[in-house]
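A structural walkthrough
Now for the letters of each chain:
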Amino acid sequence: MDIFAVRLIPDLRLGTPYSSYPTEEEKRRICNNAGIDWFYEAVNFMSESGLVKGYLPPSPLNKVKESKDFVLITITRKTHGKTGRAIEGGNKIFGIQAGCVYVGEKLRPDSNMLTYHYTCLESFSLPFNFPLSDAIENIENDRRWGQNNFYEVERLALEKVIALAIKQGCIEKNNAVLQRILSLLSDDDIFNNEVETVLKNGEITEPEGNRQPSQIEVLVNRFKRDPKVAAYALREAEGVCHDCNKDAPFISKKTNMPFLEVHHIIPLKEGGEDTIDNVVALCPNCHRKRHYG
Ligand SMILES: [Zn+2]
């Protein structure tokens, strides 16, 4: 999973952030008063019918264009590029998103000012409760900020940001979107590889699974799952969500298979078994519904 950080001009409107797109009038007023050119962070966490349409600065890295699904950390610029003046609301981390897909430059149908460049499912989009301060110090460290508005980030930096955001209360540790992002990251690197190996080997006779899966400590406590159980459920699903019967939203980069999540009907933490009888393959939106009812 590729991880990028994007640095955007902050939204300086008063009121709840991410509730509406800026109007031409708001844009003019704020840009004139604050001496900035634009503010884009406002649009990157808004969801329309479960989908976020986000902005990226001009000429994003080729790697982004080629990346099938990436993680994005949104931070705000510390200073104005031309004047060098500090920007109010700058140097903060606003949130993280996973499963982002680059779509090229597109004009928003409802606005003649705003363009978007990537989409992300709402169920993978995590705006912090309040922004995490000192973005540069926390995420960039030895980087000369102001150099790029878009760059690749080490996985360790992302984990550091998440740990710090939890510690400072910007996100709750058990937030469902956070859990989903973490499991995507974790699955991506370890579990999905194991699932892929099982699938490649072809033969999956009904695995027995584990009646009492053991726990392993990572960033949060997780149950050690049997990749054969997940692989079996995914193979049986054939890319179709168990609940809505729709195709998976995107193809997983690592497994090259439709992205579905294996859901435990009775959660492992409630004593559920990690067996094929206790799992279904769901799209992220339905998975979210199962958790929130
Ligand atoms: Zn579904």
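Before any of the text, the structure's been laid out above.
Residues numbered from 1 in each chain as written. Predicted model: local features only at pLDDT ≥ 70, side-chain atom pairs only at ≥ 80, totals over all residues.

1. Looking at the overall build of the chain
Operational definition: Secondary structure is summarised from DSSP: a helix means a run of H or I of at least four residues, a strand means a run of E of at least two, and numbering begins at the N terminus for each. Using C-beta atoms placed from the backbone, we call a residue buried if 20 or more other C-beta atoms fall within 10 Å of its own, exposed if 12 or fewer do, and partly exposed for counts in between. What counts as a contact here is a pair of residues whose C-beta atoms, placed from the backbone, lie within 7 Å.
A count of helices and strands for the chain gives seven helices and twelve strands. Taking all 293 residues of the chain together, the buried fraction comes to 38%. Across the chain, the fraction of contacts at a sequence separation of at least 24, relative to all contacts at a separation of at least 6, is 69%.

2. Overview of unusual backbone geometry
Within the chain, Ser-49 stands out as a residue other than glycine whose phi angle is a positive 50°. If you trace the backbone, Ser-49 turns up in the loop between strand S2 (47–48) and strand S3 (51–54). For Ser-49, a count of 6 C-beta atoms within 10 Å gives the class exposed. Of note in the backbone geometry, Glu-238 takes a positive phi value of approximately 50° without being a glycine.

3. Remarks on the nonpolar core
Our working definition: By convention in this section, buried Ala, Val, Leu, Ile, Met, Phe, Trp, Tyr and Cys residues joined through C-beta atoms within 7 Å make up a nonpolar core. Domain delimitation in this document rests on an assignment produced automatically or drawn from a domain database.
With 47 residues, the main nonpolar core has Val-71, Leu-72, Ile-73, Ile-93, Val-161 and Ile-181 as its most contacted residues. At the level of secondary structure, the elements contributing two or more residues to this core comprise strand S1 (2–8), strand S4 (70–76), strand S5 (93–107), strand S6 (115–121), strand S7 (125–132), helix H3 (135–140), helix H4 (155–167) and helix H5 (176–200). The residues that make up this core include at least three from each of domain 1 (2–167) and domain 2 (176–292). For Ile-181, the residues in contact, after removing those within four places along its chain, are Ile-96, Ala-98, Phe-124 and Leu-126. Among the nonpolar cores identified, the runner-up in size contains 22 residues, and Val-229, Ala-233, Ala-248 and Cys-283 belong to it.

4. Some details on helix H6 (residues 227–237)
H6 sits mainly inside the fold: nine of its eleven residues count as buried. Of the residues making up H6, those classed as buried are Pro-227, Lys-228, Val-229, Ala-230, Ala-231, Tyr-232, Ala-233, Leu-234 and Ala-237. Just downstream of H6, Glu-238 is the residue with a positive phi angle, here 50°.

5. What about the environment of Leu-51?
Topologically, Leu-51 is positioned in strand S3. A C-alpha to C-alpha distance of 8.5 Å links Leu-51 and Ser-123, two positions 72 residues apart in sequence. For Leu-51, the contacting residues outside a window of four places in its chain are Thr-119, Leu-121 and Glu-122.

6. What to know about the pairing of S5
Cut-off, in case you're wondering: A pair of strands is treated as paired once DSSP finds two or more bridges between them.
Where S4 meets S5, five bridges bridge the pair, whose relative direction is antiparallel. Within S5, the position partnered with Thr-74 by the bridge is Gly-95. Where S5 and S7 come together, four bridges link them in antiparallel fashion. Each bridged residue has a counterpart across the sheet, and for Ile-96 the counterpart in S7 is Leu-126. Sheet topology places S5 next to S6; four bridges connect them, and they run antiparallel. Each bridged residue has a counterpart across the sheet, and for Val-101 the counterpart in S6 is Thr-119.

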